[in-house]
Amino acid sequence: MKAVARINILFMLPNFDTGGSEKLVIDIIRSLDKARFAPVLVVFFTGSYEKEYLKLGLPFYVVHEGGIRSWLSTFSFIRSIMKRHSIQVVNTHHTSPLIQGFLPCRVFSGAALVHTEHTKLSLDEQIHAKALFFEKLFLRKADAAVGISKGVCEYFAGELNVPKRKIIFIANGVDMKRFELRSFDRSAYRRALGINDTEALVGLSANFRPQKNHALLVNAIAILKREGRNSVKLLLCGSGPTLDHTVRLAKDLGVQDAVSFLGVRHDIPELMASLDVYCLPSHFEGLPFSALEAMAAGRPIVATDVPGTNEVVINGKNGLLVPTDDAQALAKALGRVLDDPELGKRLASEGSETVNGYSFDSMIEKYETLFCEMASVAVKRQCRVRTNRMRTDA
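Residues numbered from 1 in each chain as written. Predicted model: local features only at pLDDT ≥ 70, side-chain atom pairs only at ≥ 80, totals over all residues. Heavy atoms only, no water.

Caption draft 1: Local environment of the overall build of the protein chain. Per the secondary structure count, the protein chain includes 15 helices and 13 strands. The C-alpha atoms of the protein chain give 22 Å as radius of gyration, which agrees with the globular expectation for 394 residues (21 Å, within 12%). Principal-axis analysis of the C-alpha atoms places the extent of the protein chain at approximately 85 × 50 × 40 Å. Taking all 394 residues of the protein chain together, the buried fraction comes to 53%. (Helix = DSSP H or I, 4+ residues; strand = E, 2+ residues; numbered from the N terminus. Rg over C-alpha atoms; globule rule 2.2 N^0.38 Å. Buried < 20%, exposed > 50% of the residue type's maximum accessible area, 1.4 Å probe, protein only.)

Caption draft 2: Seen up close, the pattern of salt bridges. Per the counting criterion, the structure on display carries 19 salt bridges. Here D143 makes a salt bridge to R381, at a shortest N to O gap of 2.4 Å. Residue D143 is found in the loop between α5 (129-141) and β6 (144-147), and its partner R381 is found in helix α15 (residues 360-393); the two are separated by 238 residues along the sequence. R381 shares its class with D143; the two are buried. Salt bridges sharing common partners tie together K23, D27, R30 and E52. (Salt bridge = Lys/Arg side-chain N within 4 Å of Asp/Glu carboxyl O.)

Caption draft 3: Spatial organisation of the sheet that holds strand β8 (residues 200-205). Here 6 strands make up an open sheet; going across it, the order is β10-β9-β8-β11-β12-β13 and the pairing parallel. Edge positions in the sheet fall to β10 (259-263) and β13 (320-322), since each of these pairs with one other strand and no more. Between one strand axis and the next, the sheet turns by 20° as a mean value, whatever way the strands run. Bridge count between β8 and strand β9 (residues 232-237): 6 bridges; the pairing is parallel. Residue pairing across strands places G203 opposite L235, the latter belonging to β9. Of the strands in this sheet, β8, β11 (277-280) and β12 (301-304) are in contact with helix α11 (residues 289-296), which crosses β11 at around 170°. Those strands touched by helix α13 (residues 327-339) are β8, β9, β11, β12 and β13, and its axis lies near 165° from that of β13. (Pairing = 2+ DSSP bridges. Axes fitted to C-alpha atoms, helices over the stretch in contact; angles between N-to-C directions. Contact = heavy atoms within 4.5 Å.)

Caption draft 4: A look at the side chain of T304. Its location among the elements puts T304 in strand β12. Among residues more than four places away in sequence, those in contact with T304 are L216, L280, P281, S282, T309, L321, V322, P323 and T324.

Caption draft 5: Layout of the packing of helix α3 (residues 71-84) against helix α4 (residues 95-107). Two numbers describe how α3 lies on α4: the axes approach to 9 Å, and their chain directions differ by 50°. Of the possible angle classes, the one that applies to α3 and α4 is oblique. Where α3 crosses over α4, the handedness of that crossing is right-handed. Contact residues: W71, T74, F75, I78, R79 and M82 in α3; Q100, L103, P104 and C105 in α4. (Parallel < 35°, antiparallel > 145°, perpendicular 65-115°, else oblique. Left-handed = near helix turned anticlockwise from the far one by under 90°.)

Caption draft 6: Representation of the environment of A331. Its location among the elements puts A331 in helix α13. Remark: the alpha-carbon pair of A331 and L217, spanning 114 residues in sequence, is separated by 8.1 Å. Here A331 is in contact with A220, I223 and L224, once residues within four sequence places are set aside.

Caption draft 7: Spotlight on the side chain of E368. Along the chain, E368 turns up in helix α15. A polar contact is formed between the side chain of E368 and the backbone nitrogen of D33, at a distance of 2.9 Å. Dropping the residues within four chain positions of it, E368 is found in contact with S31, L32, D33, R36 and F37. (Polar contact = N/O pair within 3.5 Å; in protein donor to acceptor, adjacent residues only side chain to side chain.)

Caption draft 8: Fine view of helix α6 (residues 150-158). V152, C153, Y155 and F156 are the residues of α6 that are buried. Relative to the axis of α6, the buried residues are bounded by an arc of 155° and lie together on one face. Opposite the packed face of α6, turned more than 90 degrees from it, sit the exposed residues K150, E154 and G158. Elements in contact with the buried residues of α6: β5 (112-117), α5, β6 and β7 (167-169). (Arc of directions from axis to C-beta.)

What follows is the structure, encoded as structure tokens:
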């Protein structure tokens with residue numbers, strides 16, 4: 001029997017640090033049916049995930065390895081990858097891959113372009129107006145626009161004027177099997193982190209970027225300390241541009257001994273299970289993957305009431321929400337959960353029910369179905385191009 005040709009898919013990311021979008025792409029690539037799909041990954045800048053990804057033995061490219069390429073060199077580099085792997089479908093994530101990949105991937109190759117967006121760009125003050133302009137222009141020309149939350153899908157339709165027929169909602173899914181820690185020794189794990197069983201442990205796993213608002217959480221911990229809660233400790237995992245500022249802030253507030261900076265971690269299920277409360281103090285989110293992971297680990301959540309987060313965390317039901325940039329309110333909410341174990345158990349139980357609605361298998365199935373549909377789009381487009389060339393030559 002003749003083997004069915006695999007669909008060659010190029011995934012593109014701006015960088016490869018331990019963020020939610022990077023993890024999503026790795027999860028998709030790892031879980032795709034390799035009998036049907038042949039994934040290739042391009043990142044513009046590499047990061048801490050590279051070592052883990054290379055274990056998969058799949059094609060991997062870094063655009064700016066060895067130095068920053070010019071626009072023309074970037075175009076040529078991506079175009080060469082498209083040809084080398086006979087790419088049929090391209091899945092860009094975030095703004096820069098869409099903008100820099102549109103011409104070599106969509107216009108000059110005829111591949112189907114699927115763009116996945118992880119947040120409402122209008123909420124991010126670091127996104128330049130010119131980038132927003134090109135995102136809006138190219139998204140309308142893309143073959144499909146995937147939003148990881150209902151809010152992002154509404155943003156596509158309302159602010160970016162993407163045709164509704166192109167908008168697809170695929171929520172991030174959590175692989176619940178990773179959180180089945182049957183032989184996990186919580187006390188031993190905490191001791192290895194320098195935390196004993198009598199201490200109250202708050203945690204956050206997020207890259208250090210302005211969006212994540214680490215400073216708010218550090219200020220809340222300082223308030224709790226001033227109120228006499230000397231047993232409270234904070235674990236912060238990740239790396240990024242605001243790390244040094246956060247370290248200095250903890251020192252300036254006199255809580256440096258209560259805050260542990262763990263760097264990049266890949267043992268997230270164990271880390272989540274070691275916490276008493278998970279806290280997400282962001283200015284905005286798309287769909288907060290770390291909050292879903294905390295729910296999967298059975299941890300109560302305290303977070304800021306911001307777009308994206310409040311799509312997952314319902315105040316008083318599966319977590320507590322507080323106004324953004326209100327350290328006093330955040331400290332009070334954390335104190336409530338730490339002082340009331342029954343409240344924490346109830347929030348965690350409801351969270352476990354919530355995360356069951358974010359099926360990992362369903363997410364993979366939806367992406368596979370979409371990629372198959374897009375491969376058909378690419379074939380039809382390339383056939384039209386060949387037909388037009390033949391007519392021109394004739």
